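Take a look at the letters that make up each chain.
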Amino acid sequence: MNERQVDLAHTVALGSIDDVDHHEVQELLDTEDPALRAEFITEIGQTREALAMLASATATPPPATLRTRLLAAIAAEQPPVAS
């Protein structure tokens, strides 16, 4: 794979694909080169796996008071006025 294709795989893994990228990704998935297609799909999977490991390694629990504060903020909201 070339650098652009690796970048596209990372974009797919991050879920931040736009219309232009989507077209290029579809071309890669539709390619008649099974090795290229497999390499692209593998790169997406490996990137997702690395992102998941990073997320779990850096995750921190929310403050204990967050739920209480959120519920209080929701309760304080005024219902919409019917017209």
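Residues numbered from 1 in each chain as written. Predicted model: local features only at pLDDT ≥ 70, side-chain atom pairs only at ≥ 80, totals over all residues. Heavy atoms only, no water.

Trainee: Looking at this model, I keep getting lost on the pattern of salt bridges. Mind explaining?
Mentor: Close approach of charged atoms allows side chains with opposite charge to pair. Under the criterion given, the structure shown has two salt bridges. Notably, a salt bridge pairs Asp21 with Arg4, separated by 2.7 Å at the nearest N-O pair. Of this pair, Asp21 sits in helix α2 (residues 19–29) while Arg4 sits in helix α1 (residues 3–14); the two residues are 17 residues apart in sequence, bridging distant segments of the chain. With a relative accessible area of 37%, Arg4 lands in the partly exposed category. (Salt bridge = Lys/Arg side-chain N within 4 Å of Asp/Glu carboxyl O. Helix = DSSP H or I, 4+ residues; strand = E, 2+ residues; numbered from the N terminus. Buried < 20%, exposed > 50% of the residue type's maximum accessible area, 1.4 Å probe, protein only.)

Trainee: Teacher, can you tell me more about α1 here?
Mentor: Because the α-helix completes a turn every 3.6 residues, residues three or four places apart line up on one side. Over its 12 residues, α1 runs 17 Å from end to end, which matches the ideal 16 Å to within 8%, given 1.5 Å per residue. Within α1, burial applies to Gln5, Leu8, Ala9, Thr11, Val12 and Ala13. Of the surrounding secondary structure, the elements contacted by the buried residues of α1 are α2 and α3 (34–58). Regarding α1, its N-cap is Asn2, as a side-chain oxygen of that residue lies 3.0 Å from the backbone nitrogen of Arg4 further along. (Expected span 1.5 Å × (residues − 1). Contact = heavy atoms within 4.5 Å. Polar contact = N/O pair within 3.5 Å; in protein donor to acceptor, adjacent residues only side chain to side chain.)

Trainee: Just to check I follow, could you spell out the confidence of the model for the protein for this structure?
Mentor: One rule of thumb: low pLDDT means the predicted coordinates there are not for detailed reading. Considering every residue of the protein, the mean pLDDT works out to 90; 93% of them sit at 70 or more. When mean pLDDT is compared element by element in the protein, α3 scores highest at 96, while helix α4 (residues 66–76) scores lowest at 87. (pLDDT = per-residue confidence, 0-100.)

Trainee: Honestly, the nonpolar core in this entry has me stumped. Any pointers?
Mentor: Soluble globular proteins tend to pack their nonpolar side chains together in the buried interior. Counting nine residues, the largest nonpolar core consists of Leu8, Ala9, Val12, Ala13, Val25, Leu28, Leu36, Phe40 and Ile44. Mapped by element, the contributors of at least two residues to this core are α1, α2 and α3. Looking at this core element by element, the count peaks at four residues for α1. When near neighbours in sequence (up to four residues on either side) are disregarded, Val25 contacts Leu8, Val12, Ile17 and Phe40. (Core = buried A, V, L, I, M, F, W, Y, C linked by side-chain atoms within 4.5 Å.)

Trainee: Mind showing me how you'd approach the side chain of Glu43 here?
Mentor: Tracing the backbone through its elements, the reader meets Glu43 in helix α3. Despite its burial, Glu43 pairs with no opposite charge, the nearest such side chain being Arg48 at 11 Å. Setting aside anything within four residues of it in sequence, one finds Glu43 in contact with Met1, Val6, Ala9 and His10. (Lys, Arg positive; Asp, Glu negative; His and termini not counted.)

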